[in-house]
Protein chains: 2
Amino acid sequence: MSYTAPVKDMLFVLKELAGMDTVAALPGFEDANFDTAQAVLDEAAKLCGEVLAPLNVTGDRAPSSWHDGEVTATAGFKEAFRQFVEGGWQGLQHPSEYGGQALPKLIATPCIEMLNAANLSFALCPLLTDGAIEALLTAGTDDQKARYVPKLISGEWTGTMNLTEPQAGSDLALVRSRAEPQADGSYRIFGTKIFITWGEHDMAENIVHLVLARTPDAPAGVKGISLFIVPKFLVTEDGNLGARNDVRCVSIEHKLGIKASPTAVLQYGDEGGAVGYLVGEANRGLEYMFIMMNAARFGVGMQGIGVAESAYQKAVAYAKERVQSRPVDGSAAQAVSIIHHPDVRRMLATMRALTEGARALAYVAAAHSDHAHRHADAAERERHQAIYEYLVPIVKGWSTEMVNDVASLGVQVHGGMGFIEETGAAQFYRDARILAIYEGTTAIQANDLVGRKTVRDGGAVARAVLAEIAETIEALAQVDGTAAASMGAQLKQGAQALANVVEFVVANTKRDPNAVFMGSVPYLKLAGIVLCGWQMARALLASTRCHADDPSFHGAKIVVAQFYAEHILPLAGSMAVSILSGRGGQSVLAMSEDQF
Amino acid sequence: MSYTAPVKDMLFVLKELAGMDTVAALPGFEDANFDTAQAVLDEAAKLCGEVLAPLNVTGDRAPSSWHDGEVTATAGFKEAFRQFVEGGWQGLQHPSEYGGQALPKLIATPCIEMLNAANLSFALCPLLTDGAIEALLTAGTDDQKARYVPKLISGEWTGTMNLTEPQAGSDLALVRSRAEPQADGSYRIFGTKIFITWGEHDMAENIVHLVLARTPDAPAGVKGISLFIVPKFLVTEDGNLGARNDVRCVSIEHKLGIKASPTAVLQYGDEGGAVGYLVGEANRGLEYMFIMMNAARFGVGMQGIGVAESAYQKAVAYAKERVQSRPVDGSAAQAVSIIHHPDVRRMLATMRALTEGARALAYVAAAHSDHAHRHADAAERERHQAIYEYLVPIVKGWSTEMVNDVASLGVQVHGGMGFIEETGAAQFYRDARILAIYEGTTAIQANDLVGRKTVRDGGAVARAVLAEIAETIEALAQVDGTAAASMGAQLKQGAQALANVVEFVVANTKRDPNAVFMGSVPYLKLAGIVLCGWQMARALLASTRCHADDPSFHGAKIVVAQFYAEHILPLAGSMAVSILSGRGGQSVLAMSEDQF
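Note that the structure is a prediction, hence the values are computed from the model and not measured. (Residues numbered from 1 in each chain as written. Chains lettered and ligands numbered in written order. Predicted model: local features only at pLDDT ≥ 70, side-chain atom pairs only at ≥ 80, totals over all residues. Heavy atoms only, no water.)

### Notes on the overall build of chain A
In terms of regular secondary structure, chain A is built from 20 helices and 12 strands. Expected size for 596 residues packed as a compact globule is a radius of gyration near 25 Å; at 24 Å, chain A falls within 12% of this value. Expressed as a percentage of its 596 residues, the buried residues of chain A come to 65%. Here chain A displays about 19900 Å² of accessible surface, and carbon together with sulfur accounts for 51% of that area. With 49 positive and 66 negative side-chain charges, chain A shows a spacing of 4 Å between the two charge centroids. (Helix = DSSP H or I, 4+ residues; strand = E, 2+ residues; numbered from the N terminus. Rg over C-alpha atoms; globule rule 2.2 N^0.38 Å. Buried < 20%, exposed > 50% of the residue type's maximum accessible area, 1.4 Å probe, protein only. Areas by Shrake-Rupley, 256 points an atom, 1.4 Å probe, with all protein chains shown as cover. Lys, Arg positive; Asp, Glu negative; His and termini not counted. Charge placed at Lys NZ, Arg CZ, Asp CG, Glu CD.)

Quick look at the structure:
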């Protein structure tokens, strides 16, 4: 099998780090205990390993193709999508009243990781559909919910997000698409949308586009954008498919990676206007879109973790098989498999430490989201929501940055074979590269982290998280051995670096925004390194506690945690130096354009 | 123009950092003064900008193609190669008695950078030919030199290096190709060679393969490998082309990048044996190959720098043109070009600082090579040779690692457009990825740096370099301003980190090789970061001195040097922590295969 879901590590994180038991104790999640999680994960692992992973290379070699406005998905994808929706996977975390399974995000998250690990291109279609479902559930009318959500959950239809236009990428204030009100309360939509993932395909009978556009009287900027439902086929009163709407896929992009996932240019209104229906209130479109975007951002973070896991598994398999050179310590007279060479181990351990750290942080964030939605106590809900929101840009930004390094190491472990496309390591390297760009580039995540998540509350949540880290550092001091000692020392320095940066950001963003924003991405990465290191420290503590249950598994967890402490956490200090030199860095801001 | 050679910066480095004047004063280089350098660089810039760079995208979209054993280069490449050789560029640094121009390596090096910046796939052909020329000049008989070298310099023929076999990549001890001696003194060669760059093509009338193989009585391992000339077409006594030799290109690879450069699988001896001629003495093949490989390794370092420069130029052009979002400091009410955003400046400054630092170090190394070859004093020749040899794995290893980060940032600056192949940023990202792999992976470079370059002389050369850095730090202390202060502080810490690691390596490699080799690649990167930082410090000093001559240029040099000090040099400290924790890292070495 090309991908085997790391169910054991996933369940370890769920139980020992993310508090599966406390999530299962939340109102409405009574049936979602650890045994449920295990059963669901085992089933997801089967589908992903047996059905979706084998199609990953297929999709890269024979991408979805465009002909005369229609897109045909890679052979096998349509059938796989059928299996996916028939298994109920699209509805995993959606309400049961619309056909969903209403499971905690904590259980859905590992499944989403698996899906993306197995086949990133495929997984994008359900990811976007999830976003559409969330937006409709949040802002749609009862009629809209009833009309669209069950079909999206059943997989008869899929969903898209239509934000980007040629002149409006990160800056949605520049959106120009128009929505003209009609006498019957509907709108006619005109404009060009680009980079629309799965914007056209043949895997489902209808596509529900959620489109940002401006009504004629809308104010300029982001406060004049509304959200519209524009179905590919109109839906009749009785819920059947009607006429083809005036939206056409004029081309799909030729991309570096995720080739099986069609990235469409959609043209609205060339033949009189595409029929659209306002979602929620006019001019609040961006707000609704951010609801689905925040869910999608978390999902993209999971994509990074999934691809990192796959790249790691492939590199390990090659390193065990490829025989080359004698050991540097002279312990064998003949060439050995390269997994015995220290530098190959360093690369594999780096890949694994980054992946496990990011996984643990993401699952912990998912648990906060569950508590934020379901906790009986309002203050607790608010507290969890604040932490979750602080973590989302970090999960998205850090997981998608680190996966580039992980996939690159995966290529490197393969040596010359890594550069040959048939090997498959290069596909992860290419596929992964979009993740730090779409759903908000790392800089956009970092702006969010600085502005909305750190400065707005004066650093309160960041400090609360740091206080939790301090408790972990104290717990490490109670444990014997070099691993705990090393982790304690490095986590302490990392946390101090993060604390210094948080105070710098809080103190300077208003008075010297350029100095702070020169360091915003480094701050995000520093936070990622330290918070994932914190989770590795908690894993170290848990594995020390449970060691006897499974010495091989827990022994490896402890080793990898120590490696994280010694090889990844030290970067935190150097990043803090860069960030805190922000004023010095301003000289770069003073350079004229000609000087570049 | 898609690429404009940075001639001004190149000449600055030649003159102010690499000692162009002292090189021009060496015996035999009397005509090679600064004016010569300027004239040569201007000419090279024209050829690269006007002829080679426009073919770069062409080659990516329509790679060289294989049909029935023959390879047709991308349309336009053959004519461009004609212009290249007619301009005398293949002979730049080769002896005039064979038709070369006998210029210093210091002048040839910027030309090679340009060539690779303009068109990496194209540049590989002359790079390999350079290697073949050097091997023949070093180990060939007078007859072999006379027969092959002038044709290689004139570009009538090209050269290749045939080392790798399916089971023998980094580990050449595993080479199996056979050479059977014939009555006439020639050999018959049998075997399969893979990853042979420009191993078959139609740009020249003949190809001179230099092939590693074993004679029947050869000892096992690397001490039983001999080097053979195997021309594609045999050469008659009078120097004309004779019969087709028994070497066939059975396929070319489908690769992540450098697609225009055909990577051949060559089959020797399927029809009775390919005629080959021993070069130098039997069983010393690897030694000769290392001569060309060291030159080629330096050349691959230049490839990294060239691609980094191109990626930077493309990103700058886009950042000046793309309008998106208002400035974070509120200095404009409308969206501005993204070069005004701090994070975009941070990315561009990172790309530029890494590129300029690596360029300066490489040119300084080239000057050491010139002194090593031509200095009147034997002790000085030896001193310069030792420094050059210390620098080669760093120039190769660091320049090819940093270019992956630079090309990745280049994609990131382009946002979503970076992921679209038509944009061109992704090509640099794909092309660059081979550089840290071929001609010895970064781990192989790091082994060389640890074993031959640091431990063998007990750290003497490394300490000599550190003593020179200390002088630069003292000079910085004499200069006013925040840039010099920042650089002085960070370079001091970086040099201390490097010094600690050198002593660790010297003290521990024999007694605890695993601990040291866990940190060998980090040591190489640390050395790259610090030595390039040292050159940036020297640039800062020179630009402070010359500021009035060209305030815009020198002002930018100072700003970029300060950025290097604050954003790149701090990484040195964190790497030293990882390396010095090597014993802790050994727990990763103790993991069983099953634990991965």
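What follows continues from the structure just given.
### A closer look at the nonpolar core
In this structure, L348 and Y523 of chain A together with L348, Y390 and Y523 of chain B are the most contacted members of the largest nonpolar core, which totals 406 residues. Setting aside residues no more than four positions away along its own chain, Y523 of chain A makes contact with Y390, L449, V450, T454, L498, V501, V502, V505 and I579 of chain A. (Core = buried A, V, L, I, M, F, W, Y, C linked by side-chain atoms within 4.5 Å. Contact = heavy atoms within 4.5 Å.)

### Focus on the packing of helix α14 (residues 460-477) of chain B against helix α15 (residues 482-508) of chain B
All names here are of chain B. With their axes 10 Å apart at the nearest point, α14 and α15 run at an angle of 165 degrees to one another. Judged by the inter-axis angle, α14 sits roughly antiparallel to α15. Judged by the sense of rotation from one axis to the other, the crossing of α14 with α15 is left-handed. When α14 is examined against α15, the residues A462, R463, L466, I469, T472, I473 and L476 are found in contact with a partner set consisting of A484, M487, G488, L491, K492, A495, L498, A499, V502, E503 and V506. Looking at the contact of α14 with α15 residue by residue, the class counts come to 13 nonpolar, 2 polar and 3 charged. (Axes fitted to C-alpha atoms, helices over the stretch in contact; angles between N-to-C directions. Parallel < 35°, antiparallel > 145°, perpendicular 65-115°, else oblique. Left-handed = near helix turned anticlockwise from the far one by under 90°. Nonpolar A, V, L, I, M, F, W, Y, C, P; charged D, E, K, R; others polar.)

### A closer look at the relation of the copies chain A and chain B
Superposition of chain A onto chain B requires a rotation of 180 degrees combined with a translation of 0.0 Å along the rotation axis, giving an RMSD of 0.0 Å. Taken together, the turn and the small shift mark the pair as related by a two-fold rotation axis. Interface residue correspondence from chain A to chain B reaches 100%, placing this contact among same-surface, isologous pairings. (Least-squares fit on C-alpha atoms with pLDDT ≥ 70 in both.)

### Structural notes on the pattern of salt bridges
Residues and elements named next belong to chain A. Applying the stated criterion across every chain yields a total of 51 salt bridges over all chains. Residues R545 and E16 are paired through a salt bridge, measuring 3.4 Å at the closest nitrogen-oxygen approach. One end of the pair, R545, is in helix α17 (residues 520-545); the other, E16, is in helix α1 (residues 7-17), with 529 residues separating them in the sequence. The exposed category is assigned to R545, whose relative accessible area is 59%. (Salt bridge = Lys/Arg side-chain N within 4 Å of Asp/Glu carboxyl O.)

### Thoughts on the environment of E134 of chain B
All names here are of chain B. In this fold, E134 is placed in helix α7 (residues 120-139). Residue class for E134 comes out partly exposed when judged on its relative accessible area of 23%. Remark: the alpha-carbon pair of E134 and I291, spanning 157 residues in sequence, is separated by 7.3 Å. If near-sequence neighbours (up to four positions away) are discounted, E134 is found in contact with H94 and A295.

### Considerations on the interface of chain A and chain B
Taken together, the 90 residues of chain A in the interface contact 90 residues of chain B. Of the roughly 7800 Å² buried between chain A and chain B, counting both surfaces, carbon and sulfur atoms make up 61%. When residues of chain A are sorted by the area they lose upon contact with chain B, R345, F419 and F596 of chain A head the list and together hold 11% of the total. Joining chain A to chain B, the criterion identifies 0 salt bridges. Joining chain A to chain B, the criterion identifies 40 residue pairs in polar contact (both at pLDDT 80 or more). Sorting elements by how many residues they give to the side of chain A that touches chain B places helix α18 (residues 551-567) of chain A first, with 9 residues. (Buried area = accessible area lost by both parts, 1.4 Å probe. Polar contact = N/O pair within 3.5 Å; in protein donor to acceptor, adjacent residues only side chain to side chain.)

### Examining the packing of aromatic side chains
Throughout the structure, instances matching the rule amount to 19 aromatic pairs over all chains. Note on F77 of chain B and F122 of chain B: the rings are 5.9 Å apart at their centroids and 65 degrees apart in plane angle, and the pair reads as edge-to-face. Here F77 of chain B, found in helix α5 (residues 77-86), pairs with F122 of chain B, found in helix α7; they are 45 residues apart in sequence, far enough to count as distant. In this structure F77 of chain B comes out as buried when scored by relative accessible area, which is 0%. For F122 of chain B, a relative accessible area of 0% gives the class buried. Grouping aromatic residues by their ring pairs yields a cluster made of F77, F81, F84, F122 and W198 of chain A. The side chain of K15 of chain A reaches across the aromatic face of F34 of chain A, ending 5.3 Å from its centre. Sitting above the plane of the F290 of chain A ring, R452 of chain A keeps its charged end 5.6 Å from the centroid. (Phe/Tyr/Trp six-rings, centres within 6.5 Å; stacked < 30°, edge-to-face > 60°. Lys NZ or Arg CZ within 6 Å of the ring centre and 35° of its normal.)

### Description of the pairing of strand β11 (residues 263-268) of chain A
All names here are of chain A. Within β11, 6 of the 6 residues are buried, leaving the element largely enclosed by the surrounding structure. The two faces of β11 match: T263, V265 and Q267 on one face and A264, L266 and Y268 on the other face are all buried. Examined bridge by bridge, strand β5 (residues 187-197) and β11 share 5 bridges and lie antiparallel to one another. Its bridge partner being in β11, T192 is matched across the sheet by Q267. Of the pairings in the sheet, the one linking strand β10 (residues 247-252) to β11 comprises 5 bridges and is antiparallel in character. (Pairing = 2+ DSSP bridges.)

### Considering the pairing of strand β5 (residues 187-197) of chain B
All names here are of chain B. Counting buried positions along β5 gives 8 out of 11 residues, so the element sits mostly inside the fold. Direction of pairing for strand β4 (residues 178-181) relative to β5: antiparallel, over a ladder of 4 bridges. Looking across to β5, one finds that R178 is bridged to F190. Hairpin connection, β4 to β5: the antiparallel pair is bridged by 5 residues, and G185 has positive phi, about 95 degrees.

### A word on the environment of K78 of chain B
All names here are of chain B. Tracing the chain through its elements places K78 in helix α5. K78 sits in the partly exposed class, given a relative accessible area of 41%. Filtering out sequence-adjacent residues up to four positions away, K78 remains in contact with D202 and M203.

### Remarks on the UniProt feature "domain: Acyl-CoA dehydrogenase/oxidase N-terminal" (unreviewed entry) in chain A
Those places that UniProt annotates as "domain: Acyl-CoA dehydrogenase/oxidase N-terminal" (unreviewed entry) correspond, in this numbering, to residues 38-156 of chain A. The span residues 38-156 of chain A is 67% helix and 5% strand, and its two end C-alpha atoms sit 28 Å from each other. (UniProt positions renumbered as here; feature names shortened; annotations may be inferred.)

### Side note on unusual backbone geometry
Most peptide bonds are trans, and most residues other than glycine sit at a negative phi. Phi is positive for W198 of chain A, close to 50 degrees, though the residue is something other than glycine. Within the secondary structure, W198 of chain A is located in the loop between β5 and β6 (206-213).

### What to know about the packing of helix α11 (residues 378-413) of chain A against helix α12 (residues 425-432) of chain A
Residue and element names in this part refer to chain A. In contact at an axis separation of 8 Å, α11 and α12 are set at 160 degrees when each is read in the N-to-C sense. Of the possible angle classes, the one that applies to α11 and α12 is roughly antiparallel. Classified by chirality, the crossing of α12 by α11 is left-handed. Taken together, the residues of α12 that come into contact with α11 (itself represented by V403, N404, A407, S408, G410 and V411) are A425, A426, F428, Y429 and A432.

### Examining α5 of chain B
Residue and element names in this part refer to chain B. The complete set of buried residues in α5 reads F77, A80, F81, F84 and V85. In a view along the axis of α5, the buried residues occupy a sector of 130 degrees, so they form one face of it. Looking at the packing, one finds that the buried side of α5 touches α3 (34-52), α4 (54-61), α6 (105-118), α7, α8 (142-154) and β3 (157-162). The positive-phi residue at the C-terminal boundary of α5 is G88, with phi of around 85 degrees. (Arc of directions from axis to C-beta.)

### What about helix α9 (residues 285-321) of chain B?
When the terminal C-alpha atoms of α9 of chain B are compared, their 53 Å separation across 37 residues agrees well with the 54 Å that a helix rising 1.5 Å per residue should span. Summarising burial for α9 of chain B: 29 of the 37 residues are buried, a large majority. (Expected span 1.5 Å × (residues − 1).)

### Remarks on the side chain of R214 of chain B
Residue and element names in this part refer to chain B. Mapped onto the secondary structure, R214 falls in the loop between β6 (206-213) and β7 (226-231). Buried charged residue R214 carries no salt bridge. Nearest counter-charge: E165, at 7.4 Å. At 3.2 Å, the side chain of R214 forms a polar contact with the backbone oxygen of P219. Setting aside residues up to four positions removed in sequence, R214 forms contacts with L172, A173, V175, S177, R178, A179, P219, A220, G221, G224 and I225.

### Thoughts on the environment of R538 of chain A
Residues and elements named next belong to chain A. Position of R538 relative to the elements: it lies in helix α17. A relative accessible area of 24% places R538 in the partly exposed class. Measuring from C-alpha to C-alpha, the distance between R538 and F228 comes to 45 Å, with 310 residues separating the pair along the chain. If we skip the residues at most four places from it in the chain, R538 touches E16, L17, V364 and T472.

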